Amino acid sequence: MFSRAYKIWVTVPPLVWVAAFLVLPYTLMFAYSFWSVSAVGSLRHAWNFANYGRLLGHEVYRQTLLRSAWIAARVMLFALLLAYPLAYLLSFHTRKGKDLLYQLVIIPLWVSYLVRAYAWKTILGTDGVLNTSLQYLHLTTHPLHFLLYSPFAIVLTLTHIYIPFTFLPVYAAMEHIPRNLIEASHDLGASALQTFWRIIVPLSMPGVVAGATFAFVLSFGDFLAPLLLGGPSGVMISNIVVSLFGAAYNWPLGAAISFCMLALVIALLWLSERLEKRWARS
Amino acid sequence: MGPLMKKNGWSRGGIVMAVYAALLFAFLYLPVLVLVVYSCNGEGVAGFPPHNFTLHWYGLLFQDDAIWRAVGNSIVVALASVLIGLALGIPAALALDRTSFPGKGAFRRLVLLPLVLPGIITGLSLLMLFREVDVKLSLATVILGHGTALISVATTEVFASLQRLERAQEEASLDLGANYWQTFWRITFPHMRLSIIAAALLIFTLSLDEIAVSFFLIGRENTLPLEIWGRLRRGITPEINAVSTIIFVFSLLAILAWYRLRLAGKGESSAEPLQAAEPLP
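So, how was this worked out
Residues numbered from 1 in each chain as written. Chains lettered and ligands numbered in written order. Predicted model: local features only at pLDDT ≥ 70, side-chain atom pairs only at ≥ 80, totals over all residues. Heavy atoms only, no water. Helix = DSSP H or I, 4+ residues; strand = E, 2+ residues; numbered from the N terminus. Buried < 20%, exposed > 50% of the residue type's maximum accessible area, 1.4 Å probe, protein only. Contact = heavy atoms within 4.5 Å. Areas by Shrake-Rupley, 256 points an atom, 1.4 Å probe, with all protein chains shown as cover. Rg over C-alpha atoms; globule rule 2.2 N^0.38 Å. Lys, Arg positive; Asp, Glu negative; His and termini not counted. Charge placed at Lys NZ, Arg CZ, Asp CG, Glu CD. Buried area = accessible area lost by both parts, 1.4 Å probe. Salt bridge = Lys/Arg side-chain N within 4 Å of Asp/Glu carboxyl O. Polar contact = N/O pair within 3.5 Å; in protein donor to acceptor, adjacent residues only side chain to side chain. Domains from an automatic or database assignment. Expected span 1.5 Å × (residues − 1). Core = buried A, V, L, I, M, F, W, Y, C linked by side-chain atoms within 4.5 Å.

Draft legend 1. Just the overall build of chain B, in detail. Helix and strand content of chain B: 11 helices and 2 strands. For chain B, the sequential pattern of α-helices and β-strands runs β-β-α-α-α-α-α-α-α-α-α-α-α. A total of 281 residues make up chain B; the buried ones form 54% of that total. For chain B, the proportion of contacts with a sequence separation of at least 24, taken over those separated by at least 6, is 72%. Of the roughly 12,800 Å² of accessible surface on chain B, a fraction of 65% belongs to carbon and sulfur atoms.

Draft legend 2. Looking closely at the overall build of chain A. Regarding its fold elements, chain A presents 12 helices and 2 strands. Mapped in sequence order, the helices and strands of chain A form the string α-β-β-α-α-α-α-α-α-α-α-α-α-α. Relative to the compact-globule value of 19 Å for 282 residues, chain A shows a C-alpha radius of gyration of 24 Å, a clear excess of over 25%. With respect to the principal axes defined by its C-alpha atoms, chain A has extents near 75 × 75 × 35 Å. Put simply, chain A has 282 residues, and 56% of those count as buried. The contacts of chain A with a sequence gap of at least 6 include a subset with a gap of at least 24, amounting to 67%. When the accessible surface of chain A is summed, it comes to about 13,100 Å², and 70% of that surface belongs to carbon and sulfur atoms. Looking at charge distribution, chain A has the averaged site of its 18 positive side-chain charges lying 9 Å from that of its 9 negative ones.

Draft legend 3. Highlighting the interface of chain A and chain B. In this complex, chain A contributes 95 residues to the contact, which on the side of chain B involves 92 residues. With both sides pooled, the region where chain A packs onto chain B buries about 8,700 Å², and carbon together with sulfur makes up 80% of that total. The interface formed by chain A and chain B includes 1 salt bridge. Of the charged contacts, one joins B:Arg109 and A:Glu273 as a salt bridge, the two residues approaching to 2.7 Å between their closest N and O atoms. Counting every contact that joins chain A to chain B gives 12 residue pairs in polar contact (both at pLDDT 80 or more).

Draft legend 4. Examining the side chain of A:Thr213 more closely. Residue and element names in this part refer to chain A. Examined against the element boundaries, Thr213 turns out to sit in helix 9 (residues 192-220). A relative accessible area of 12% means that Thr213 is categorised as buried. What Thr213 contacts, discounting residues up to four positions off in sequence, is Leu268, Leu269 and Ser272.

Draft legend 5. Inspection of the domain arrangement of chain B at higher detail. Residue and element names in this part refer to chain B. Under the domain assignment, chain B is made up of domain 1 (10-38) and domain 2 (64-277). The C-alpha centroid of domain 2 is placed 32 Å from the C-alpha centroid of domain 1. Listed as interface residues are 5 residues of domain 1 and, on the opposing side, 5 residues of domain 2. Each partner contributes to the roughly 400 Å² buried at the junction of domain 1 and domain 2, and carbon and sulfur atoms together form 69% of this total.

Draft legend 6. Region of interest: helix 4 (residues 104-116) of chain B. Taking 1.5 Å of rise per residue, 13 residues should cover 18 Å, and helix 4 of chain B covers 19 Å from first to last C-alpha, within 8% of that figure. Residues of helix 4 of chain B that are buried include every one of B:Phe107, B:Arg108, B:Val111, B:Leu112, B:Leu113, B:Pro114, B:Leu115 and B:Val116, and no others.

Draft legend 7. Local environment of the environment of B:Ala172. Locating B:Ala172 in the fold gives a position in helix 7 (residues 167-175). For the pair B:Ala172 and B:Phe25, spaced 147 residues apart in the sequence, the C-alpha separation amounts to 51 Å.

Draft legend 8. Representation of the nonpolar core in the model. One finds A:Phe167, A:Ile200, A:Ile257, B:Ile120, B:Leu124 and B:Met128 to be the most contacted residues of the largest nonpolar core, which totals 178 residues. Per-domain counts for this core show at least three residues from each of domain 1 (10-38) and domain 2 (64-277) of chain B. Other than its neighbours up to four places away in sequence, B:Ile120 contacts A:Gly221, A:Phe223, A:Ser238, A:Val241, A:Val242, A:Met261, B:Ala212 and B:Phe216.

Draft legend 9. Representation of the pattern of salt bridges. Under the counting rule described, the total for this entry stands at 13 salt bridges over all chains. One salt bridge connects A:Arg179 with A:Glu175, and the closest N-O pair in it is separated by 3.5 Å. When its relative accessible area of 34% is taken as the criterion, A:Glu175 is described as partly exposed. The salt bridge involving B:Glu227 is made with B:Arg231; its shortest N-O contact spans 3.0 Å. Residue B:Glu227 and its partner B:Arg231 are both found in helix 10 (residues 224-234); the two are separated by 4 residues, about one turn of the helix. According to the relative accessible area criterion, B:Glu227 is buried, its value standing at 13%. For B:Arg231, a relative accessible area of 15% puts it in the buried group. One salt-bridge network, held together by shared partners, links B:Asp64, B:Glu227, B:Arg231 and B:Glu239.

Draft legend 10. A look at the environment of B:Leu256. Summarising the element assignment, B:Leu256 is placed in helix 11 (residues 238-264). Distance from B:Leu256 to B:Val37, taken between C-alpha atoms, is 23 Å for residues 219 residues apart in sequence.

Draft legend 11. Highlighting helix 5 (residues 119-132) of chain B. Residue and element names in this part refer to chain B. In this model, helix 5 (14 residues) spans 20 Å end to end at C-alpha, consistent with the 20 Å of a helix rising 1.5 Å per residue. A large share of helix 5 lies buried, amounting to 12 of its 14 residues. When helix 5 is considered as a whole, its buried residues turn out to be Gly119, Ile120, Ile121, Thr122, Gly123, Leu124, Ser125, Leu126, Leu127, Met128, Leu129 and Phe130. Downstream of helix 5 by one or two residues, Asp134 has phi in the positive range, about 60 degrees.

Put into structure tokens, the structure is as follows:
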């Protein structure tokens, strides 16, 4: 029913924009990853796989990559483990105040990411709120040093940040579970626990997958929390990229790492889309 | 499903769940609480118990020109990002809803990609583009970055509302002799209106808080998150708590405004907050 001109007017501008500011930059990043930097710091457009070779060959990159994945995996796991029961409680066992509780989960999302990371820094520091409270209550005599500048601080902060993000899709999936399924299961003699495992868990899986992907991907690529809270033992892969684009001045190598991250993210998104579809069907 | 609440009080499972929820909320709100309390602390950003309640840091903040300049910059960037996001996100939603072209699936995924992509990748890829075409970094490059990354927000919000629009209304309008332009302004646009406002509010607040993309595309002028970032690296004072508290209060007002909009428009447009984070069907 819509004319050709109408369709062209709504299709072409976003297509052109996406081509110019998404496709072109990603392609350029890919091209950069094959180039190199000369001794005087100018870009050499020599096409080879040297940057990728360095990534595979050097222990530092492998270790940092593994550390980032391990931090991201823990964030994903903790965020899910904490958010899932809350979503379940809200969706199935709350009548009064459901909207209010929902909003209470969302509100921390609106506190700036940077500000939340900063707040954790003031809590976890040697003279931080937590240490001085513990000493005030005479639970410890000396400040605990492992709290700040460690992977622990990063995992804690990112888990705090991604709980609402994982909560949202899980809760949405649970709200879509037809309530008569639950009643039917109950009428057929299933216990509450059986209903939970046989009906609620499988049907909420698409939400779990979406939330897990989100938490993993975004914490995997984070560079601000490690800079602020990680210390030397908490360096993540994006921190290496930042230094390669800054002081270390090797854009092509930085581009190679970024491109690997991009490829990884796209692969994970593809995987999670397939999983969601599969669970949605069965 | 066994009810958690029995007639004569709470079941054991119910109590466990309630305690669990209370602890989780305490965890979620602890940093916010610390932030606000210590913004009035006379003795620095930490140290328990807080004492010497003071508004000194707020006073200092109001005389701090660099902060207010950064706030101004951030607002300019956020407003411009809203414009870009809407100008491209609305047509993109219309295109996804009512046209078919080869590569439509890929286009949809591409538009949504920056929202789930770590900001560093969006920022760096655009940085390389600007360097290749010799564009100097400034607030304009930050705007381009934010606008491009946040088109997806407008697209998802508006797309969701278009899915609820009955096509027959538009057909009737066209059959009765209205042209496309009139049909758009009389039927389609009023239907999308609430989702557009919601998208604008979301883009505005997301841009205001964005730091990872801005980090790479910023020129000499700072946005507020980058100004705060710079100060965090130099050493921290409760002034940062004070400015964060003020931003938080404004964000709360924005959510409240949005919430009222959603209540007012229930049925017409009830897009979930941050539904943008989920892929389109």
